[in-house]
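# Secondary and tertiary structure notes
Each chain, letter by letter, is given below.
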Amino acid sequence: MRISLTMRQAVLAVALGAAATVGGALVFEHVFGYVPCKLCLMQRNPYYIAIPMGLVAALLPPRYARAGLWLLALIFVVSAGLGAYHAGVEWGFFVGPSDCGGGSGAAAGNVGDFMSQLQNTRVVSCTQAAWRFLGLSLAGWNVLISLGLAAFAAITAARKGFRIGG
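Everything numeric here is computed off the predicted structure, so don't read it as measured data. (Residues numbered from 1 in each chain as written. Predicted model: local features only at pLDDT ≥ 70, side-chain atom pairs only at ≥ 80, totals over all residues. Heavy atoms only, no water.)

Here the protein chain shows a mean pLDDT of 79. Residues at 70 or above account for 67%. Per-element confidence in the protein chain ranges from a low mean pLDDT of 51 for strand β4 (residues 162–164) to a high of 91 for helix α2 (residues 38–58). (pLDDT = per-residue confidence, 0-100. Helix = DSSP H or I, 4+ residues; strand = E, 2+ residues; numbered from the N terminus.)

Before going further, it helps to examine the packing of helix α3 (residues 62–90) against helix α5 (residues 138–159). Each packed pair of helices is defined by two parameters, the angle between the axes and the distance between the axes. Following both chains from N to C, one finds α3 and α5 inclined at 160°, their axes separated by 7 Å at the closest point. Considering their axes alone, α3 and α5 lie roughly antiparallel with respect to each other. The two elements α3 and α5 meet at a crossing, and its hand is left-handed. When its residues are assigned to classes, the contact of α3 with α5 shows 18 nonpolar, seven polar and two charged. (Axes fitted to C-alpha atoms, helices over the stretch in contact; angles between N-to-C directions. Parallel < 35°, antiparallel > 145°, perpendicular 65-115°, else oblique. Left-handed = near helix turned anticlockwise from the far one by under 90°. Nonpolar A, V, L, I, M, F, W, Y, C, P; charged D, E, K, R; others polar.)

As a further point, take the side chain of T156. Mapped onto the elements of the fold, T156 is located in helix α5. Here T156 falls in the buried class, since its relative accessible area comes to 0%. Of note is the side chain of T156, whose polar atom sits 2.6 Å from the backbone oxygen of F152. (Buried < 20%, exposed > 50% of the residue type's maximum accessible area, 1.4 Å probe, protein only. Polar contact = N/O pair within 3.5 Å; in protein donor to acceptor, adjacent residues only side chain to side chain.)

Overall, the coordinates contain one aromatic pair when judged by the stated rule. Taking 5.3 Å as the distance between ring centres and 65° as the angle between the ring planes, the aromatic pair formed by Y47 and F76 counts as edge-to-face. Remark: F76 occurs in helix α3 and Y47 occurs in helix α2; sequence separation between them is 29 residues. (Phe/Tyr/Trp six-rings, centres within 6.5 Å; stacked < 30°, edge-to-face > 60°.)

One recurring pattern in soluble globular proteins is that nonpolar side chains are buried together. If you look at the biggest cluster of nonpolar residues, it comprises 22 residues, and the most contacted ones within it are V11, V14, Y47, L69, L72, F76 and A153. Elements supplying a minimum of two residues to this core: α1 (7–30), α2, α3 and α5. If we skip the residues at most four places from it in the chain, L72 touches V11, V14, A50, M53, G54 and A153. (Core = buried A, V, L, I, M, F, W, Y, C linked by side-chain atoms within 4.5 Å. Contact = heavy atoms within 4.5 Å.)

Here we come to a nonpolar patch on the surface. Side chains of V27, V31 and F32 sit close together on the surface and give an oily, nonpolar patch of about 300 Å² of accessible area. Locating V31 in the fold gives a position in the loop between α1 and α2. V31 sits in the exposed class, given a relative accessible area of 60%. (Patch = residues over 30% accessible without salt bridge, like charges linked within 9 Å, V, L, I, M, F, W, Y side chains within 5 Å. Areas by Shrake-Rupley, 256 points an atom, 1.4 Å probe, with all protein chains shown as cover. Salt bridge = Lys/Arg side-chain N within 4 Å of Asp/Glu carboxyl O.)

Rendered as structure tokens:
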């Protein structure tokens, strides 16, 4: 069996991988109730850049799609660095930001609503992993996923296509 991807398909695969990853993070947040910390939210930014960039690069001629793949590879190397920093903060290897807490809630309409929001607000620390699987936090998994997407993008761009099988 032989699978061969064009530049356009490879760029779309990276964009799809990025969308699935950030979609998974949003499911953890909105379905399972895991409130993201400041560093968690920061780690999503490369994905928010990569998804539309990948979609645009897929519409371009192959040589520009290749340049888009190289740029996506760089974006995901940066993403892996952000994830490694956050995982290091969780393990106590690095000092996290001093203002590390979750996102803000909806604006309060009056003082009573504001006081109620203050009582129900959970401050999320960047130093504690909310969830681990196989010993890795979501930040650790982001490192692996980002490195995988970066490697796929770089290998595909370097080889002028991607082939599996013989």
